[in-house]
Amino acid sequence: MEGALTARDRVGIQDFVLLDETTDAAFLSNLKKRFSRDLIYTYIGTLLVSVNPYKELDIYNKKQMETYMGINFFELPPHIYALADNAYQTMLTEFDNHFILISGESGAGKTEASKKILQYYAVSCPSTTLLNTVRDKMLMSNPVLEAFGNAKTLKNDNSSRFGKYMDIQFDSQGDAVGGHILNYLLEKSRVVHQNHGERNFHIFYQLVEGGEDDLLHQLGLERDAQHYNYLTQGECAIVSSINDRNDWKTVKNALQIINIEEINTNHLFGIVSSVLHLGNIRFESNSKGQAVLANNDELRWVSNLLGVDARSLQEGLTYRKIEARHDQVLSPFTVDHAIYARDALAKAIYGQTFTWLVNRINESMENKDPSRKTVIGLLDIYGFEVFYVNSFEQFCINYCNEKLQQLFIQLTLASEQEEYEAEGIEWEPVQFFNNKIICDLVEEKHRGIISILDEECLRPGDATDLTFLERLEDKMGNHPHFVTHKLADKMTRKTLERGDFRLLHYAGEVTYCSHLCLTRQNVLFFSLLKLICQSKNAIVKECFSTMDADSRRRPETVATQFKSSLLKLTEILMAKEAWYIRCLKSNESKQPGQFDEALIRHQVKYLGLMEHLRVRRAGFAYRRKFDVFLKRYKPLCPATWPHWRGEPADGVEVLVQHLGYLPNEYKMGRTKIFIRHPRTLYATEDAFEKCKHELGERTSAVYYQCPVFATTKIETCWRGVQARKEREKRAWAVKVIKKFIKGYMNRGQAKSSDNSEYLAFVRQNYLNRLKNHLPKTVLDKTSWLPPPAVLTEVRHLLSRYCVKKHSNIFKGKKESYPQSVAQPFMDTRITSNQTHKPTVFHSVFLQYSVPVIKYDRNGFKPRPRQLVLTQTAAYVIEEAKIKQRVLYTSLKGISVSNLTDGIIVFHITCEDPKQKGDLVMQCDHLFEFLTKLCVIANKQNAVKVVQGSIKIEIQAGKESAVDFSTGHEPMVYKAKNGHLMVVRRVLFLMMTSCVLSALP
């Protein structure tokens, strides 16, 4: 990353955070510079900006994938593989869940980005036959979902007309073992209406163009899309970039791979055909103005394909059934009402079938192993949309983007603040636009736009755009982000129609047509719903089986359903670590090499990229670990070059002082240096580049002055070094062999300098053999491997080693287990002169005692205590006072983490709300204590080693948890979410520090 700064004038900067100026012009200039060199990826911190090049680039092959595997995020140029790999590696290291949010306009490359990530995981994750099957299903779910959920629009020939969230499940080894998909807001209105230049969903054309003759005959279809009303409104059934016949074969093959049985495949195509036949049902008006069918042929096909009674279907499409007490009245439809009912039925059937298809894909990818999985979620969702006419779909899409922007800023700010606090850097408040006011405007109960839309749809009579607008103006007339023709000033009124309302979103103004917002809420009439619930088509019957056809309650509107699903999605995302990909269209004509600045500026604004950049740039633009910074720039200071012998932090301080950094230009954290301005880093990098050239020139000059002499000198020195090493190696070998022979000859004598090393070797060799031949129980004193005669004291030592029992519980499960094996167990950890026994213990035989830290149930305040084990119970003691008694019969379980901490949780049966709940303690002798407890209380099967959080019951009905994370210093504290947070020191760092401290 830093090395690329020297070429910034030519190829731009790889991370927008390092721009010297955070202006729109500087942002676009950098983007254009990189795009002109086919560098389509750029970072904003850990956010990836991707510009669609509209051409194939040779940057997605297997070699590229291998290049980015396991590499630090900023070590290589920006790439979607770098983001995917870092999300994966972080998930494995921290064992927590992540999600990647992919957003952008239609045609910006969101679906392709999602495919690239899936392909990367398919190659980079470990491979088995089972895992390959799972991956095949994940990859082949794409063509199925694209066929049923994608369509040609004015902006994109393969536009996703639904939001998709896919969880990829990984086991503890990092293998992809399952998946799950959630879908949001399928654009069902497209089934019955398409704008000029657009198509219906791909599957309709694939079936008509690619279906076998026999299949079309069975479904009553003709091989001509122009024959169907639902396929001709956009007047572009044939598209040069789409091969419907080939896509049909791909979809049929994919349906087999995701385990859709042949009978269900036939039912599925029957439903698709029924929608086409429904669209061809035409109505005429009789002399009374009532709707009647113009032709019964299409009705009969719908009846056959859906397995419903033809007469009841005709009645449902032309009459509304009104129930008044015990009577039923049939109210005839007008032609408009009949078309409304027909279209509502078509949309309901297709929408429910799409949901069924997603559920079947989930079943095929489901992993039934109950062990805990971590996930990486992929959220491929529409970006902010502004068209000439904006309807209900744009309203929902933009509301979704408001919620995601709110989440985006919250998570970004939280991430930044967390890093600052961890490094001990004072957090500087960031000024940003809080769009909660707009989210409330849309979703607030009883006052938001969605609530008013619901009320308008529910009220008696026909809802109109005027009554809807009047309600909006009445409820939110003074809201600063809401404008109508009536509420606007004279200048704004010229840009608004009387039936429109305008919202001032975080990304800009959007004008919505209130009439289209109302018409998109149409729901299925009860008579038709009741009829469809009786369908003999297995898929239709399953889809509508959960609906109560006899309920008099009006179904939720589409807006309310979307609001509920969006809130659930937000909850899912809030529980995961976030990664972001923002996709941009380079031009509207989809031509390679064209960079439309006006279009790009529009997308940068609507995706909130400048807002995100300002949040990332607040405070310090650049931060790096001390050792990384020092390793790169140490040639710039004589005191640090060529080697710095002290702490990296001290070396960095010396280096920046030599470079002349001002106090306000940088801050020293606990593990990182923070640099405020990019220009400071630019100057440092330019100086480093100059220094490299000078060092190279100096070395070359010396060498070329005397090439022969230099060559001879180097050869002589090298031979001398090798000879000295060989001599030292031989002398060392002779010394060791002599000492070993001497030790063997004196092995029966008392320990001395002559035999001490030999005896240590014998002891080590015996212990290595012993670890594979341990007794089956702690109490077994007879089956220990006999020690050599020279180790007369080994019996005494072995009687105090209780390794086998807790090895069964902890071996291979808890990280600190290997270091504990060499530590002998003690009979007790608290002697009689260290504590006063309560009077209750005078007549009780004490089995074991140990000091612990007990954490209060309310507030998790640490309390030093002593834990005493007897034959029947465990006692928590403060000096001579018993604070709590835990009978072994009430101890239903014991939990510890798989990490290096000493946290122990006693899960206690808690039926009475006044009774104390689970006991949370920290013990320095965890293995010894739990082994003693297992033997005394016979609780060998009660100890569970848990990966992730440990759930605790504070009292009956009230739960909390103990969470774990890693850090450079161990600590235990109450987290903001109310849980107990245990920060354990990374085992690798602990081991490293131990090794370094042992070095001379």
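The protein chain is annotated in an unreviewed UniProt entry as Myosin IH from Sparus aurata. Under the heading Subcellular location (unreviewed entry), UniProt records this for the protein chain: "Cytoplasm, Cell cortex".

*Asks:* Would you explain unusual backbone geometry in this entry?
*Replies:* Note on backbone geometry: most residues besides glycine have negative phi, and most peptide bonds are trans. Cis geometry marks the peptide bond from Trp-641 to Pro-642; its omega dihedral reads 0°. Within the secondary structure, Pro-642 sits in the loop between α27 (626–633) and α28 (648–659). A positive phi angle is found at Phe-860, which is not glycine, with a value near 55°. In this fold, Phe-860 is placed in the loop between β20 (848–855) and β21 (862–869).

*Asks:* What's the story with the packing of helix α4 (residues 80–94) against helix α5 (residues 110–124) in this structure? I'm lost.
*Replies:* Taken N-terminus to C-terminus, the directions of α4 and α5 make an angle of 55°; their axes are 10 Å apart at the nearest point. Classified by the interaxial angle, the pair formed by α4 and α5 is oblique. At the point where α4 passes α5, the crossing takes the right-handed sense. Side by side, α4 and α5 meet where Ile-80, Tyr-81, Ala-84, Asp-85, Ala-87 and Tyr-88 of the first sit next to Ala-113, Lys-116, Ile-117, Tyr-120 and Tyr-121 of the second. Of the residues in the contact of α4 with α5, the class split is nine nonpolar, no polar and two charged.

*Asks:* Would you explain the sheet that holds strand β24 (residues 891–897) in this entry?
*Replies:* Strands in a sheet are paired, the pairing made by backbone hydrogen bonds, and the direction either parallel or antiparallel. One open sheet accounts for eight strands, arranged β23-β22-β21-β20-β26-β25-β24-β27; its pairing is mixed. Looking at which strands have only one partner, the edges of the open sheet turn out to be β23 (881–887) and β27 (943–946). Direction aside, the axes of adjacent strands within the sheet are offset by 35° on average. Where strand β25 (residues 903–908) lies against strand β26 (residues 919–922), four bridges are found, and the strand directions are antiparallel. Looking at β26, one finds that Val-905 is bridged to Val-920.

*Asks:* For this particular structure, what's the right way to read the packing of helix α8 (residues 202–210) against helix α11 (residues 244–257)?
*Replies:* When two helices pack together, their arrangement is captured by the angle between the axes and the distance separating the axes. Running from amino to carboxyl end, α8 crosses α11 at an angle of 100°, the nearest separation of the two axes being 8 Å. It follows from the interaxial angle that α8 and α11 lie roughly perpendicular. Along its contact with α8, which presents Ile-203, Tyr-205, Gln-206, Leu-207, Glu-209 and Gly-210, the element α11 presents Asp-244, Arg-245, Asp-247, Trp-248 and Val-251. Taken together, the residues of the contact of α8 with α11 sort by class into five nonpolar, two polar and four charged.

*Asks:* Got a minute to help me understand the sheet that holds strand β3 (residues 98–104) in this structure?
*Replies:* A sheet is described by the order of its strands in space; here seven strands give the open sequence β1-β2-β16-β3-β12-β6-β7, paired in mixed fashion. Each of the sheet's edge strands pairs with one partner strand only, and the pair in question is β1 (41–44) and β7 (176–184). When strand polarity is set aside, the average angle formed by the axes of neighbouring strands in this sheet is 20°.

*Asks:* In this structure, what is going on with the confidence of the model for the protein chain? I would like to understand it.
*Replies:* Parts of the prediction with low pLDDT should not have their coordinates interpreted in detail. With 86% of its residues at a pLDDT of 70 or more, the protein chain has an overall mean of 82. Counting interchain partners and residues more than four positions distant, the pLDDT-below-50 stretch residues 987–1000 has seven contacts.

*Asks:* I would appreciate a short explanation of the pattern of salt bridges in the present structure.
*Replies:* When the charged atoms of two side chains with opposite charge come close together, those side chains can pair. Counted by the stated rule, this structure contains 32 salt bridges. Here Glu-261 ties to Arg-360 by a salt bridge, and the two come within 3.1 Å at their closest N and O atoms. Here Glu-261, found in the loop between α11 and α12 (262–279), pairs with Arg-360, found in helix α15 (residues 335–365); they are 99 residues apart in sequence, far enough to count as distant. Owing to a relative accessible area of 38%, Glu-261 belongs among the partly exposed residues under this scheme. Judged by relative accessible area, which is 12%, Arg-360 ranks as buried. With a closest N to O distance of 3.7 Å, Glu-878 and Arg-865 form a salt bridge. In this pair, Glu-878 is assigned in strand β22 (residues 873–878) and Arg-865 in strand β21, connecting sequence segments 13 residues apart. Here the residues in one salt-bridge network are Glu-112, Lys-115, Lys-116 and Glu-146, joined through shared partners.

The rules behind each value
- All residue numbers refer to positions counted from 1 along the written sequence of the respective chain.
- Residue-level local features of this predicted model are given only where pLDDT is at least 70; pairs of side-chain atoms are given and counted only at 80 or more, and the full residue set underlies all totals for whole chains, interfaces and linings.
- Where side-chain values are given, they derive from all heavy atoms of the structure, hydrogens and water being excluded.
- UniProt positions are given in the numbering used here, feature names are shortened, and annotations may be inferred rather than shown by experiment.
- By definition, any uninterrupted DSSP run of H or I lasting at least four residues is a helix, any uninterrupted run of E lasting at least two residues is a strand, and each is numbered from the N terminus.
- Angles here are taken between N-to-C directions and fall from 0 to 180 degrees, while the axes themselves are lines fitted to C-alpha atoms, restricted in helices to the stretch in contact.
- In this scheme, roughly parallel covers angles under 35 degrees and roughly antiparallel covers those over 145, while 65 to 115 is roughly perpendicular and the rest are oblique.
- We call a crossing left-handed when the near helix sits turned anticlockwise from the far one by less than a right angle, and right-handed when that turn is clockwise.
- By definition, residues are in contact when any of their heavy atoms lie within 4.5 Å.
- Classification convention: Asp, Glu, Lys, Arg as charged; Ala, Val, Leu, Ile, Met, Phe, Trp, Tyr, Cys, Pro as nonpolar; all other residues, Gly among them, as polar.
- The rule for pairing is simple: two strands pair if DSSP sees at least two bridges between them.
- By definition, pLDDT measures how confident the predictor is in each residue, and it falls between 0 and 100.
- By definition here, a salt bridge exists when the distance from a side-chain nitrogen of Lys or Arg to a carboxyl oxygen of Asp or Glu is within 4 Å.
- The buried label applies to any residue whose accessible area, calculated with a 1.4 Å probe on protein chains only, is under 20% of its type's maximum; exposed applies above 50%, and partly exposed to all values in between.

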